[in-house]
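# Residue-level structure breakdown
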Amino acid sequence: MDRAAVESTIRRLIEPFNKQGITLEDSSTFAGDLEFDSLTVMDFVASIEDEFDIIISMNQQAEIENFGQLVSAVEKLQN
Amino acid sequence: MMDQGTDLFSKFDPLIQQRQQLLDAGIEDPFSLVMEKVLSPTRAICNGRDTILLGTYNYMGMTFDPDVIDAGKQALTDFGTGTTGSRVLNGTYQGHKECEDALKEFYGMDHAMVFSTGYQANLGIISTIAGKGDYIVLDIDSHASIWDGCAMGKAEIVPFKHNDIEAMEKRLKRIPEGAGILVVLEGVYSMLGDVAPLKEMVAIAKRYGAMVLVDEAHSMGFIGENGRGVAEAEGIINDVDFVIGTFSKSVGTVGGFCVSNHPKFEIMRLVCRPYVFTASLPPSVVATAATSIRKLMHGSNKRAHLWENSRILHGGLRNLGFQLGTDTPQSAIIAVIMPDLERGAMMWEALLKEGLYVNLARPPATPANMTLLRCSLCAEHSAQEVQTILGMFERAGKIVGII
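Residues numbered from 1 in each chain as written. Chains lettered and ligands numbered in written order. Predicted model: local features only at pLDDT ≥ 70, side-chain atom pairs only at ≥ 80, totals over all residues.

### Some details on the overall build of chain A
For chain A, the count of helices and strands is four helices and zero strands. Across chain A, helices and strands are ordered from the amino to the carboxyl terminus as α-α-α-α. A globule of 79 residues ought to have a C-alpha radius of gyration of about 12 Å, and chain A, at 11 Å, matches this closely. Along the longest, intermediate and shortest principal axes, the C-alpha atoms of chain A span 30 × 25 × 20 Å. (Helix = DSSP H or I, 4+ residues; strand = E, 2+ residues; numbered from the N terminus. Rg over C-alpha atoms; globule rule 2.2 N^0.38 Å.)

### A closer look at the sheet that holds strand β10 (residues 211-215) of chain B
Residue and element names in this part refer to chain B. Taken in spatial order, the seven strands of this open sheet run β4-β12-β11-β10-β7-β5-β6, and their pairing is mixed. Where the open sheet ends on each side, the last strands, each with one partner, are β4 (111-115) and β6 (156-160). Strand-to-strand twist of the sheet, defined as the mean angle between neighbouring strand axes without regard to direction, takes the value 20°. The strands touched by helix α5 (residues 144-152) are β5 (135-139), β6, β7 (181-186) and β10; relative to β5, the strand with the most contacts, the crossing angle is about 160°. (Pairing = 2+ DSSP bridges. Axes fitted to C-alpha atoms, helices over the stretch in contact; angles between N-to-C directions. Contact = placed C-beta atoms within 7 Å.)

### What about the domain arrangement of chain B?
All names here are of chain B. Splitting chain B by domain gives domain 1 (24-60 + 299-400) and domain 2 (66-296). One C-alpha centre belongs to domain 1, the other to domain 2, and the line joining them spans 27 Å. Each partner contributes to the interface: domain 1 provides 20 residues, whereas domain 2 provides 21 residues. Those elements giving two or more residues to the side of domain 1 that touches domain 2 turn out to be α12 (300-320) and β13 (333-338). If one sorts the elements of the side of domain 1 that touches domain 2 by residue count, β13 sits on top with three residues. Of the residues in the side of domain 1 that touches domain 2, the class split is twelve nonpolar, seven polar and one charged. (Domains from an automatic or database assignment. Nonpolar A, V, L, I, M, F, W, Y, C, P; charged D, E, K, R; others polar.)

### Here's the deal with the interface of chain A and chain B
Every contact between the two is made by ten residues of chain A and, on the other side, twelve residues of chain B. Among the elements of the structure, α2 (38-52) and α3 (58-61) of chain A are those that each provide at least two residues to the side of chain A that touches chain B. With four residues, the top contributor of residues to the side of chain A that touches chain B is α2(A). Per-class residue counts for the side of chain A that touches chain B are six nonpolar, two polar and two charged.

### Considerations on the nonpolar core
Of all hydrophobic cores here, the largest spans 131 residues; its most connected members are Ile126(B), Ile136(B), Val137(B), Val336(B) and Met347(B). If sequence neighbours within four positions are ignored, Ile126(B) has contacts with Ile136(B), Ile146(B), Gly149(B), Cys150(B), Gly153(B), Val184(B) and Leu213(B). Formed by seven residues, the second largest nonpolar core is a distinct cluster that contains Val6(A), Ile14(A), Phe67(A) and Val71(A). (Core = buried A, V, L, I, M, F, W, Y, C linked by C-beta atoms within 7 Å. Buried ≥ 20, exposed ≤ 12 C-beta atoms within 10 Å, placed from the backbone.)

### Concerning helix α1 (residues 3-14) of chain A
Residue and element names in this part refer to chain A. Taking 1.5 Å of rise per residue, twelve residues should cover 16 Å, and α1 covers 16 Å from first to last C-alpha, within 8% of that figure. For α1, the set of buried residues is Val6, Glu7, Ile10 and Ile14. When α1 is viewed along its axis, its buried side chains cluster within an angular range of 95° and face the same direction. Counted as exposed and oriented over 90 degrees from the buried face of α1: Ala4, Ala5, Ser8 and Arg12. Of the surrounding secondary structure, the elements contacted by the buried residues of α1 are α2 and α4 (67-77). (Expected span 1.5 Å × (residues − 1). Arc of directions from axis to C-beta.)

### Re the packing of helix α2 (residues 66-79) of chain B against helix α11 (residues 283-296) of chain B
All names here are of chain B. Running from N to C, α2 and α11 point in directions that differ by 150°, and their axes come no closer than 8 Å. Between α2 and α11, the interaxial angle falls into the category roughly antiparallel. Between α2 and α11 the crossing geometry is right-handed. Of α11, the residues touching α2 (which contributes Asp67, Val68, Ala71, Gly72, Gln74, Ala75, Leu76 and Phe79) are Pro283, Ser284, Ala287, Thr288, Thr291, Ser292 and Lys295. Along the lines of polarity and charge, the residues of the contact of α2 with α11 split into seven nonpolar, six polar and two charged. (Parallel < 35°, antiparallel > 145°, perpendicular 65-115°, else oblique. Left-handed = near helix turned anticlockwise from the far one by under 90°.)

### Description of the environment of Ile52(B)
All names here are of chain B. Within the secondary structure layout, Ile52 lies in strand β3 (residues 49-53). Counting along the chain gives twelve residues from Ile52 to Ser40, while the straight-line C-alpha distance between them is 9.6 Å. In contact with Ile52, not counting residues within four places along its chain, are Thr42, Arg43, Gly355, Leu356, Glu385, Thr388 and Ile389.

### So, the pairing of strand β12 (residues 256-260) of chain B
Residues and elements named next belong to chain B. Counting buried positions over the five residues of β12 gives five, a clear majority of the element. What you see with β12 is no split at all: Gly256, Cys258 and Ser260 on one side and Phe257 and Val259 on the other are buried throughout. Sheet analysis places β4 next to β12, joined by five bridges and oriented antiparallel. The partner of Val114 across the bridge, within β12, is Phe257. In this structure, strand β11 (residues 242-246) lies alongside β12, joined through five bridges in antiparallel fashion.

### Focus on the packing of α1(A) against α2(A)
Two quantities define a packed helix pair, namely the angle between the helix axes and the distance between the axes. Residues and elements named next belong to chain A. Viewed as axis vectors pointing N to C, α1 and α2 meet at an angle of 140°, and their least axial separation amounts to 10 Å. With respect to α2, the element α1 is oriented oblique. Crossing hand, α1 versus α2: right-handed. Contacts between α1 and α2 involve Thr9, Ile10 and Leu13 from the first element and Ser47, Ile48 and Glu51 from the second. Among the residues making up the contact of α1 with α2, the classes are represented as three nonpolar, two polar and one charged.

### Describing the sheet that holds strand β14 (residues 356-357) of chain B
Residue and element names in this part refer to chain B. As summarised here, the arrangement of the four strands in space is β1-β2-β3-β14, forming an open sheet in which the pairing is mixed. Edge positions in the sheet fall to β1 (35-40) and β14, since each of these pairs with one other strand and no more. The pairing of β3 with β14 spans two bridges and is classified as parallel. Each residue of the ladder has a partner; that of Ile52, found in β14, is Leu356.

Right under this line is the structure:
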C-alpha cells in the first residue's frame, strides 16, 4: 500500500475516535488535538494493527505524536 | 543570580487540586487513614473507631497466627533485627534458604528466589529476562510492578485488551519469527477481582513458542487445591515458566518471590539488579513467611470458608442493588462500582462511620477510569460478620443515594 492509500485508510479508522470532528492535518496530535486518553489509544492502535496486520509496540507508539508520524510509521511497518 | 526556575512539582497541580476539592467537601481523607490499634486480622481501631477490615490483603488471616508469631520472635532473638546486606553478599541467612525451601515445596517447583517485595520480584524478573529485541506481550490491566518491569527493560512492549484471548493471539502471530517472547498474565486481577482464562491463554502462548510468567499475588493460599493459584485451579501450572508471588497478602508479612522449573534459573541471583542491589529481608520476616507458607499447605478448611464468604458477600451486595465488577464471585476480591469519584468517596466515608474499612480505588489504578470500593475478604471473617457488613453497605448506600 502506498503512502496515499495508508493515509486514507488511517483517516477512515480514526473517524469513530474523532469525537470532535477535528480536521486532520499531518501535524494534528493525538493527545492534544484529538484528546485521546490511554483507553482510546489502546482501542485505536488495535484497530490500526488489525487493519494492517502489524504490531506497533508501545516503544514505537512513544515516538508517534501526530497524524503524519503515524502514517509514516505504518507505511514503514507494513513492509 | 539564578533565574526563577520551573517548579518541578507544578505537574502535580491538577491532582493537588482534585484532592483539595474532596477534602473541602468535608470528606475524611481516604488516603491518610491511620490504624491506631490492630485487634485481629479482621478488626482494628481506625481514626478512633472500632472497625471491621474489609480492605486488606490478609486473605488467609495469617498475621496473628500464634505459630507464625513465635517463629518471628525466635528469629529476632537468634538472628537479630536485620541482615544489613544484599542476598548475594552478607544477606543470606539460614532463614532465607528455609523460606525458599518452603516455597519450592509449596509450589512443587525446582527453584525459588525471594525478593524484598513483590513489586521488586516483578520489576526484577521481567526487566532481566526480556532484553533488547525480545517481545513482552501483556494484559493492558497489568499491575504497576509489571508495567515498571517493562519500562525498566529494553524489550518491545505489546499490550492486549484485558483477558481478550483473541487479541493476545493476534499479537503473538505478528511477532517476527525467532524473536524471544515473554507473555505476562495475572491469575487474579486485583482491581475487579476477576480471573484470567489461563488455560486457553497459556496454551496459545506455548503454541507461539513464548515463555509465560503468571503473577499469582492475589490467588496464593486461596485458589487451587493446594492454594498455588489460578494456574493450579486451571490445571496448567506445569506449563507456566515463572510464577511471581508475594508474602504481603495470604502469607501475611512482606516480601516477594519467583518460582520456576527453568534449569538455568539460579543465574537470576547474579544478573537481576532489584535482587542484588537491595538489602535482604530481615530474619524475622523470612521466618514468619516460611512458617506461614507451610501452614497454608494445610489450609483447605480456611479456603472453603473464604469461598463461602466470597459467595455470600457477592450475592448479598448484588441483591442490595450494587453494581459489581464481576457477575460471579471469582476470588476473595469483590469490587463495588461507584458512579463517580465524589460519590465513591462519600460512600467510603459513610462505610467508615458505620465501622467498615474498604479500599477506595480510583484512576489511574483502575481500569476504564472507574471508581471502585474494593472489598477483600478474609478467611477469619465469620459468617455473622459478613451479614453485619451487608447491613452496613445497605445503610451507607441509602444515605449516599447509590441504591
